[in-house]
Each structure stands twice: as structure tokens, then as C-alpha cells.
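# Commentary on secondary and tertiary structure
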Amino acid sequence: MPSYSPQTTAAGPGARTSTAPAAAAEVRPYDALLLYSFGGPNKPEDVVPFLRNVTVGKGIPDERLEEVGEHYYGFGGKSPINEQNLALKAALEEELADRGIDLPVVWGNRNWEPYTRDAVEQLAEAGAQRVVALVTSAFSSYSGCRQYREDLALTLDARGELGADGSTGIQFDKVRSYFNHPGFAQANIDAVLEGYEALAAKGGDVTEARLVFVTHSIPLTMEAASRISHATYSRQHLDLARVVAEEVSARLGHEVEWNLTFCSRSGPPAQPWLEPDVNDHLESLAADDVTNVVLSPIGFVSDHMEVAYDLDTEAMETAARLGITAVRAGTVGTRAPFVKGLVDLVLERAAIARDEKFTEAVVGELGPFRSVCAPDCCLRRDGEPSGIPALCSTDLHR
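Report follows, based on the coordinates. (Residues numbered from 1 in each chain as written. Predicted model: local features only at pLDDT ≥ 70, side-chain atom pairs only at ≥ 80, totals over all residues. Heavy atoms only, no water.)

## Observations concerning the sheet that holds strand 3 (residues 105–109)
Put simply, the test is: Note: two strands are recorded as paired if DSSP finds a minimum of 2 bridges between them. Strands are runs of DSSP state E lasting at least two residues, helices are runs of H or I lasting at least four, and both sets are numbered from the N terminus onward. To get an axis, a line is fitted to the C-alpha atoms, and for a helix only the part in contact is used. The angle between two axes follows their N-to-C directions and goes from 0 to 180 degrees.
Ordered in space as 3-2-4-7, the four strands form an open sheet in which the pairing is parallel. Two strands in the sheet have a free side with no partner beyond their single neighbour: strand 3 and strand 7 (171–174). This sheet shows a mean twist of 30° between the axes of neighbouring strands, independent of strand direction. Examined bridge by bridge, strand 4 (residues 130–135) and strand 7 share four bridges and lie parallel to one another. Among the inter-strand pairings, A133 is bridged to a residue of strand 7, identified as K174.

## Comments concerning the side chain of S264
Stated precisely, the cut-off is as follows: Here a polar contact is taken to be a pair of N or O atoms separated by no more than 3.5 Å, where protein atoms must pair a possible hydrogen donor with a possible acceptor and residues adjacent in sequence count only if both atoms sit in side chains. Throughout, a residue-residue contact means that at least one pair of heavy atoms, one from each residue, lies within 4.5 Å.
With respect to the helices and strands, S264 occurs in the loop between strand 9 (258–263) and helix 10 (278–287). Within the structure, S264 has its side chain in polar contact with the side chain of D310 (distance 2.8 Å). Setting aside residues no more than four positions away along its own chain, S264 makes contact with H216, W273, E306 and D310.

## Some thoughts on the state of the cysteines
In plain terms, the rule: Throughout, disulfides are identified as pairs of cysteine sulfur atoms within 2.5 Å of each other.
Applying the stated criterion across every chain, the model contains zero disulfides. Lacking any disulfide linkage, C145 is separated from the closest cysteine sulfur, that of C373, by 4.0 Å.

## What to know about the packing of aromatic side chains
Put simply, the test is: Pairs were defined over the aromatic rings of Phe, Tyr and Trp, the Trp ring being its six-membered one, requiring ring centres within 6.5 Å. Orientation was assigned from the angle between planes: stacked under 30 degrees, edge-to-face over 60, tilted for the rest. A ring is considered to have a charge above it if a Lys NZ or an Arg CZ atom is located within 6 Å of its centre and within 35 degrees of its normal.
All chains considered together, the criterion is met by twelve aromatic pairs. In textbook terms, an aromatic cluster arises when at least three aromatic residues are bridged by ring pairs, as seen for F139, Y178, F179, F184, Y233, F338 and F369. The ring of Y148 has R110 lying over it, and the distance from NZ or CZ to the ring centre is 4.4 Å. R117 extends its terminal NZ or CZ atom over the ring of Y115, reaching a point 4.3 Å from the ring centre.

## Re the sheet that holds strand 10 (residues 292–296)
The strands that make up a sheet pair up through hydrogen bonds in the backbone, lying either parallel or antiparallel. Taken together, the four strands give an open sheet; going across it, the order is 9-8-10-11, and neighbouring strands pair in parallel fashion. Single-partner strands in this sheet number two, and they are strand 9 and strand 11 (325–328). With strand direction ignored, the average angle separating the axes of adjacent strands in the sheet is 25°. Summarising the sheet, strand 8 (residues 210–216) and strand 9 pair through six bridges and their orientation is parallel. Each bridged residue has a counterpart across the sheet, and for T215 the counterpart in strand 9 is F262.

## A word on the pattern of salt bridges
Where charged atoms from two side chains of opposite charge come close, those side chains can pair. Heads up, the rule is: Note on definitions: salt bridges are taken to be side-chain nitrogens of Lys or Arg within 4 Å of carboxyl oxygens of Asp or Glu. We call a residue buried when its accessible area falls under 20% of the maximum for its residue type, exposed when it is over 50%, and partly exposed in between, using a 1.4 Å probe and counting protein chains only.
Applying the stated criterion across every chain yields a total of 25 salt bridges. The partner of R328 in a salt bridge is D303, with the nearest N and O atoms 3.1 Å apart. Placement of R328 in strand 11 and of D303 in the loop between strand 10 and helix 11 (305–322) is noted, with a sequence separation of 25 residues between them. For R328, a relative accessible area of 19% translates into the label buried. Overall, the relative accessible area of 28% leaves D303 in the partly exposed class. Several salt bridges converge on common partners, so that one network encompasses E95, R99, K340 and D344.

So, in C-alpha cells, the structure goes:
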């Protein structure tokens, strides 16, 4: 068992004491779960059309997209994210079944097949009336939360099912950002400990190895906008990283030094993004005579392209060039604590929908995030409303 103690926060008008309802009936009012993800290409001819979807509205020419696509072409033009989402879907279905919960799981993506529109159509054909959405991003920001809510609203609008108060068809809710849920934290702790074991197997000095957490960088204006959600994107990561590092230190029996770094920066060079880049940080560590590193992709739920290329390829090449013995810890993937935690979050959201009191399990200092977002929460650019409706918020509740 971990040495840290998950916190619980009471909410709602009724009386509950468990961290999430356990009985099958407690999934009411939901009749389906939407596993909502980013998507990725499945073959080389998918790459540029996929990147067009990702960069829509930015006016990036296909020639530049071809250059960016080299990351995918190096892996046969196929992103690993789709198979990983299927594995997570199967794991969720198994966990739901083990708890006696009859809740169909439908998978949809913002940027590739099956698209959001495909998932909504599947839900409609199945007769779903109220659906809970689970986004495969644990952290709150434009890219990790609002953009999904905007895409869902635009999809409903295209179907003629978006009114002034939200959906006039299927009603959608979402689970809260779950970076500080005990299940996500425990899965990351387990992965980092395995990373230290792998480092020892390579002959690395575990007692002096630096723990380097890595997440996707975002523009500073998006970072500033994310504060409305409850705490900024970077602060969310720092809060979780501290929890993981403290528990890893306790389990290893010595203090682990750690840092938060970023990867996958894009956009014009003049636009400031969160730093330091993981490769630049490795350079700094080497200059300080650090020779052993465990890289933890704490910002990602699975080993998709940013992990496979930015860490397993680029960062590992940088470490080798610098003479650093490095290993990359796993992502949470389909680890049992993570999957169980996601189902707990679904049941927690169902209790909110029923207007019952319950307790929200969290680790760290920030407390639970909202499941119903504030107006103008997590904009793309700070102080600049997009004009695009976003579901699951107080100004457009469903």
C-alpha cells in the first residue's frame, strides 16, 4: 500500500461516506460511457489528412505537414494510440463487468476515425439518452479539456441538436480532470518504481538517479488561461509529481531529486511555450555530472507518438550522446489502479448527476477539479473567448 494518504472532499446535499458508489444501480442516470480521445493515423496515407485535422484553421501548408509527418512515417505511418485506446476500452469494459455494471463503452476521437460524429451516431442508434464522457487526458487545459467539449458541441450542432441550453438530443456530462485521483497517482508511482528497477538492471546507480517528469508543452497564453479551471496546467503537474516523487522516495529508502520538463513543442519560434524542453534539461543534468536518469511521461496516459518519438527516440538519443544511462518509465496505460480509478470517477459523476452527497478522492494539495466547467474555462488564449460553445460547463451545461 502507498505511504501517502488520499484525501476526500465531501460534496452534494445527501449523505455518503464511500469514495464512489459500488452497486450496479448507482451508475444511473447514465446509459453509456464515451471514451473520448485524440486519434491518430493507421497507415501512411492517413498521416497528412490526420495532421490537417489537428491543425485546422492554422493555414499550415501540406509541405510542412509532410515534414511533421516524418515522425509518423518513421513508425510505418501508424500511431500506436488507436490500439492503446482499444486496449483501454476493453479494460474498462472488463472492470465494469466485474462490478456488475451494465454500461456500454463507445470510443470516439477528435481528429481521426472513429470521429466524434461516428461515436455520437453509434450512441444515438443504441438509444442512449444520457452519456458520461471520459477524456484520455488527465490534466485540465484547452487541449486536454475544453477542445473536446467544443468538438462535442460542434458535432451536436452539425446534427441540429445544439440549443441555447445545450444538447437537444443525447445529454452529455464528463468526469472531472483526474490527474490527482489516487488511481492515476498510484499507477504512475508503480511505473516509476519499475523504471528504477530497470535502471538498476542496466547497471545504473539508483541512489543518485534523477527523476525527470515529462509532459506535453503548451503556449504560455494557454497556460495562463488554464488557471480558471482551478490551477494552471503546470501547477497540476507539479502537484502530482511531488506526490509521486515523495512516495517513490519512501519506497526506495532515499530522497529522489526530480524535475518537471516538457516535450512536443510546436508553433512559431517567437511564441513562448512552457520550458525546459526535456532534451535541454538532459544537457543541463549532464553539465552537473548527473549520469543516471529515469524519465516519467507523467503527462500522457499511454505510449502514443509523443512518447514513442519524443522520449523513446529523441530523448534517449540525447541521453546516449551525453553519456547518461537513462530508462523510460511506463505510462499508466491499462494498469489496474488507473482503470479502477476511472470507473470510480464514472460512479462519482453519476452521484453528482443524481444530486447525492459523496466524497471525492484526491492526492496532493489542489483538491478535486470541477466536473461542470466554469464559463470561458481553459481557453486557447488567455482572455480571448473563442465564440465556440463548449458542453459540460455552467454556461452551456449539457
